[in-house]
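# Per-entry structural report
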Amino acid sequence: SQQGEEDPQALSIQEGENATMNCSYKTSINNLQWYRQNSGRGLVHLILIRSNEREKHSGRLRVTLDTSKKSSSLLITASRAADTASYFCATAPSGGGADGLTFGKGTHLIIQP
Amino acid sequence: SAVISQKPSRDICQRGTSLTIQCQVDSQVTMMFWYRQQPGQSLTLIATANQGSEATYESGFVIDKFPISRPNLTFSTLTVSNMSPEDSSIYLCSAGRPSLVTEAFFGQGTRLTVV
């Protein structure tokens, strides 16, 4: 079942602005990952943050994780039209088992040129 | 990294029929998973495809409806049986071991429309 909630569900901003998406989850996690999906196609992995990390950067992406609040945020700086996509957070459970990912509901991001 | 080829990429099927989706990974992987993405929704895990044994299904999904095969470490199939319009979704294959702090790799998905 879905455990992640993301907000906003949809976000429209001007090119060059920053976009922030939030994700909450319910259970203990090993790590949290963010994925991008263009037009209902396959998912592209963006960034992974471990449960013992608080912040991580990758290019124009910045991810934070607050395990006490069971929440994460994804910041995309200096947005570009090509960033238009749906963004999903996904959690991997703690315990090192063979479980798949649990996905949030996603944020649909539109970058206006 | 792993490259995943999934086919067909899309299909339109008549209700009551079955469709088998194939997933091929370019390297041996321990874990393979199948997800469903209903229109406008997020991804839901259907099952873990276990090599050489029966798949492990998530709550709400049963083997009779979604039989899965995994004959080796690079290949898996998902069959959507006795389809109804409610089965219209994107089905995605994934490989990786997320709980071991690695990213998961996804195929491009199969867009299924049942009419």
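What follows deals with the interface of chain A and chain B. Between chain A and chain B, the contact holds 26 residues from the first and 25 residues from the second. Carbon and sulfur atoms supply 51% of the area that chain A and chain B bury against each other, a total of about 2,000 Å² over both sides. Seen at the junction of chain A and chain B, the total is zero salt bridges. Here chain A is connected to chain B by five residue pairs in polar contact (both at pLDDT 80 or more). Per element, the largest residue contribution to the side of chain A that touches chain B is five residues, and it comes from strand β4 (residues 29-37) of chain A. Counted by class, the side of chain A that touches chain B contains nine nonpolar, 13 polar and four charged residues.

On inspection of all chains with the given rule, the structure shows two disulfides over all chains. Disulfide pairing is shown between C23 of chain A and C89 of chain A; the S-S distance is 1.9 Å. Torsion about the S-S bond of the C23 of chain A and C89 of chain A cystine: about 65°, corresponding to right-handed handedness. Note that C23 of chain A is positioned in strand β3 (residues 19-24) and C89 of chain A in strand β9 (residues 85-93), a separation of 66 residues in sequence. Like C23 of chain A, the residue C89 of chain A is buried in the burial classification. Each disulfide pairs two cysteine sulfurs, and for C23 of chain B the partner residue is C93 of chain B, the sulfurs being separated by 1.8 Å. Sign of the S-S torsion, about -65° for the bond between C23 of chain B and C93 of chain B, identifies this disulfide as left-handed. You can see C23 of chain B sitting in strand β3 (residues 19-25) and its partner C93 of chain B sitting in strand β9 (residues 89-95), a full 70 residues away along the chain. Both residues of the pair, C23 of chain B and C93 of chain B, belong to the buried class.

Residues and elements named next belong to chain A. Every second residue of β3 is oriented toward a common face, the buried set being A19, M21 and C23 and the non-buried set T20, N22 and S24. With six bridges joining them, β3 and strand β8 (residues 71-76) adopt antiparallel strand pairing. Bridge pairing links S24 to S71 in β8.

What counts, and at which threshold
Residues numbered from 1 in each chain as written. Chains lettered and ligands numbered in written order. Predicted model: local features only at pLDDT ≥ 70, side-chain atom pairs only at ≥ 80, totals over all residues. Heavy atoms only, no water. Contact = heavy atoms within 4.5 Å. Buried area = accessible area lost by both parts, 1.4 Å probe. Salt bridge = Lys/Arg side-chain N within 4 Å of Asp/Glu carboxyl O. Polar contact = N/O pair within 3.5 Å; in protein donor to acceptor, adjacent residues only side chain to side chain. Helix = DSSP H or I, 4+ residues; strand = E, 2+ residues; numbered from the N terminus. Nonpolar A, V, L, I, M, F, W, Y, C, P; charged D, E, K, R; others polar. Disulfide = S-S within 2.5 Å. Buried < 20%, exposed > 50% of the residue type's maximum accessible area, 1.4 Å probe, protein only. Pairing = 2+ DSSP bridges.

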